[in-house]
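What follows is each chain in one-letter form.
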Amino acid sequence: MDLLWILLFSNVCPLAWSQGVYAPANAQIVHSGAACNVKDDNVSERIYTIKEGDTLVLQCIVKGHPRPQVRWTKTAGSASDKFQETSIYNETLRIEVIARTQGGRYYCKADNGVGVAAIKSIRVDVQYLDVPVLTVHQTISDVRGSYYQEKTVFLRCTVNSNPPARFIWKRANTLIEQSKDNGVDIYEPLYTQGETKVLKLKNLRPKDFSDYTCQVSVRNVCSIQDKAVTFKLTNATSPPMIRLSVNDSVVVDPGQDVLLTCEVVAGFPLPRVQWARSPGQLPLSATVRGATLTLRAVTPQDAGNYNCSAVNNVGNPARKNLNLVVRTMGNLTFQITPDSNKDSETIQMGRDLKLSCHVDATPQDKVNYTWFKNAAPVYNTDSLILLKTDPDMAPGTSSLEIVDMKFRDLATYSCVANFPGSRVAEMRVDVNISQNSVSPPVLTVPAGGQVISVREGASAELVCVVEGKPRPPVLWTRADRELAMPTGQTVTETPDGRLRINNVSRDMTGVYRCQTAPYNGLNIKRREAQVQLNVLFPPILDPVFQDVRSRNYQTVTLRCSVLRSNPPRLTDIRWFRNGDVVRMPLPDLKETPELKFKLEPNNNGSYECRVTNGAGASTCTFNVTAHPYNAEFYFDTPNPVRILKGNNYSYNLQWTQREPQATDRIIGYWINIRKNKASLLSRQIDLKGKEPEKGVLMSHSVSDLRIPLSYEVRLAPITTYSTGEYTSRTIQYSEPYTYPRPSDHVCGFEDERICGFSQDRSDTFDWTRQNHLTQNPKRSANTGPETDRSGTKEGYYMYIEASRPRVQGDKSRLLSPLFNVTSVRGPKGTGRVPYCVSFYYHMKGKHIGTLNVLLRVRSIASVDSVTWSRTGHQGADWRKAFFDISPSGPFQIVFEGIRGPSFEGDIAIDDVSITVGKCKQENTVASAGKTVLIGRCPCLPLAGWLTVVTSCFLLLLYR
């Protein structure tokens, strides 16, 4: 009730008080997009119907203070309770080119931390109709012991739509009706996706060879036109068949061109051939011409599964798949394995030795390995055994076993890997086997290298020294295997055992494990070691910044807590005020830093606590002041605007004071009103001895504001010692979004939402909203208004542009909101209520056409009737028109502009009002500004207020 009294009497009292902090309430969802229909269902939920591809605009209107945060969420569909992952935090939800998958329930939730959040929902129904797909299926069966065959044809028509589509079958141009033709059967199959109708032609007859059309319709909902598809059925109709010009698997060298042809061998009508790749899309180098796919200079990235398909909508599509493999060779590695049966780690005479060779290649099974001993090819003997596949090694590894090693086996062995007949270069690795060339690895950490300490942001080097012949690479991992290396991988290879880390961070602190790799060296038990990385960082403090407000001459205590620090020992703590050192006793480095002092007018400012350890310094910053906190404006929707006589309006500025008791007594406020940064008003609001209270709403009426201008209002609290910072907000004149019922409001089209008016979808072109500042400087001269009816450059109006591409007779219709007046009765003895329609029009130009105003009454069908009309040039000034109507049911007012014979024919309208009751000349304010019809709340005894308070609230809210 407190909020209601403010709205009723704010234009009477210059400063009003009320409880101001309250939970969000009165949430509602309004729309301004291209809605086809908005209605209520049986559970009092609004259903918003929109065509796929149009723009969805929903606005959540909610009250509350502090300003509520509005969050939009959506269910995944009408039957799902799962919310989408992302939310939109904004009062307005706008979806351009809405898709069918974006339908469902949209929830607007407003929360400001006070009480229970306000929630409203609206169901969005996205309607669409795809082009149907017509497929033909044929069956042949023996009848009467093979004396003849019966051929049956099924024409299957499938479409995706919302709402469900209606199907119509035609042969040539004749409608097919099942009851009138025994040779056909129309039915809906089970277990199909989408909507499907089947036309069955039984025991095919000569007249059945014809053109068949499947036409689908959603009965023009959302102005969606019917869609149709036609198929010509002949005695040659047959499904597609194809064959590939290559095998199912193709292996090529990189840089080679590939030509793939998908040949159609059967099918009528002629099938359409398509090429695709899985996964992903066709390469950029691919070109498709007809049934041929050409890949130029293939790379390893072009490898994959390719498929061609042929479709003619008869039977099932024909498909062929092939796998394209591009030859590649990666790293070539070797391993030396001493006699594993003897658990040996050294080469010894009289024991076995195995050399292994592996290359990372594609395709792995096509790699050919050749072994050489001292440059001579190696063949299988009793002492040298070649293994093409080694069960002890990774697939694709070749091994050479030396049995019962002799001195003659000491030599240089070479492994060569290649693709036979390929242009891919071969790879080679040499292994020297001698008494001095092979020794087990030794892995050590240098002295002092077990723990490496570096400052955060610097570079670190972890070292593990490996010795041995041949010397293998060193692999680095985290001791905690769940943690990744700084590179993001689980393992990092280093050829020299040095792990270099740049820009180290505190999360890299921990133990790192180094170990010898099992390749390019002896294949024996791995050697391991560990290195500790210790990252030093300055103290982490709390708070980083704090705003401290206090009364003058009160004791202020500032605390700076140390949360973490490495090294943990602090070396220094110092306090600063405005950059100067605060003289104080030496602080205890083991306790929480603290500063106490008495706040006076001369020691306000920025206080800084600087805490230092061996890695650096961090600071806590405090802004200490006796200045009051800022005022917090009351944000409401719609803006609390009052329309005054003439072209003026007033604004009820409302705010609360944040923590009014935190500082010295607040005695008033400075208010400053500016337009384009130029000050129009600056004065003090006197609180008359009443101090602000926490959560209590204050208000001040700002008058003499000009429609439709916006203003910047700045407000600053005043105490006995100082003035606080200014808080700024913009006053924006706005008009009601929709008319809940005809009211006294005048629509000047100042808001982009144009008071709920909408463009007629069935007309030729649209009305345009503009003002003097947005006019086209190259517009046609001698036609159209210079400004809106009020004469301001900022004021908007609606007009029709008669220039190209418009031609004579083109129509543009602007529709008012729908007024539901079925429950309202007229004066005694009458069944209809009269309404006054008033507006201004501008018709200047020698080619002016016609402006019609129509009354559209909604009943079983919508009926339009012309209630006012003007044709031709009407002068250079805005003219006023008004007339009475008595509709028989829910109605709309339609402004219809018809283009004249040439381009000097612009027509404009402005300041439209639709009010209950007959038109009264004395209710208008002429030429001083926009027409304003003043509505008043009735003067009743106190007992009568309870019955009309809601009506007064709505009347004032929508002015």
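Residues numbered from 1 in each chain as written. Predicted model: local features only at pLDDT ≥ 70, side-chain atom pairs only at ≥ 80, totals over all residues. Heavy atoms only, no water.

*Asks:* Go over the sheet that holds strand S51 (residues 605-613), please, and point to the residues and values.
*Replies:* As summarised here, the arrangement of the five strands in space is S45-S52-S51-S48-S49, forming an open sheet in which the pairing is mixed. Each having just a single partner strand, strand S45 (545-549) and strand S49 (580-581) make up the two edges of the open sheet. Pairing analysis gives seven bridges linking strand S48 (residues 570-577) to S51, with the strands arranged antiparallel. Note that in S51 the partner of arginine 577 across the bridge is tyrosine 607. (Pairing = 2+ DSSP bridges. Helix = DSSP H or I, 4+ residues; strand = E, 2+ residues; numbered from the N terminus.)

*Asks:* If you had to explain the sheet that holds strand S33 (residues 411-418) to someone new, which residues and values would you point to?
*Replies:* One open sheet holds the four strands; their spatial order is S30-S29-S33-S34, and the pairing between them is antiparallel. The two strands at the open ends of the sheet, each matched to only one other strand, are strand S30 (376-377) and strand S34 (427-433). Two elements, S33 and S34, share seven bridges in a ladder whose sense is antiparallel. The partner of tyrosine 413 across the bridge, within S34, is valine 431.

*Asks:* Describe the state of the cysteines, with residues and values.
*Replies:* On inspection of all chains with the given rule, the structure shows eight disulfides. One disulfide bridge connects cysteine 60 with cysteine 108, the sulfur atoms lying 1.6 Å from each other. With the S-S dihedral at roughly -55 degrees, the linkage between cysteine 60 and cysteine 108 falls on the left-handed side. On the criterion of sequence distance, the pair formed by cysteine 60 in strand S5 (residues 56-65) and cysteine 108 in strand S8 (residues 104-111) is long-range, its members being 48 residues apart. Exposure remark for cysteine 60: the relative accessible area of 0% places this residue in the buried category. The thiol of cysteine 609 is unpaired, and the distance to the nearest cysteine sulfur, on cysteine 560, comes to 4.0 Å. The class for cysteine 609 is buried, based on a relative accessible area of 0%. (Disulfide = S-S within 2.5 Å. Buried < 20%, exposed > 50% of the residue type's maximum accessible area, 1.4 Å probe, protein only.)

*Asks:* So, the environment of asparagine 771: which residues are in play, and what are the values?
*Replies:* Mapped onto the elements, asparagine 771 comes out in strand S63 (residues 768-771). Exposure remark for asparagine 771: the relative accessible area of 3% places this residue in the buried category. Along the sequence, asparagine 771 and threonine 792 sit 21 residues apart, while their C-alpha atoms lie 8.7 Å from each other. Leave out the neighbours within four places in its chain, and asparagine 771 touches Lys793, Glu794, Gly795, Tyr796 and Tyr797. A polar side-chain atom of asparagine 771 sits 3.0 Å from the main-chain carbonyl oxygen of glutamate 794. (Contact = heavy atoms within 4.5 Å. Polar contact = N/O pair within 3.5 Å; in protein donor to acceptor, adjacent residues only side chain to side chain.)

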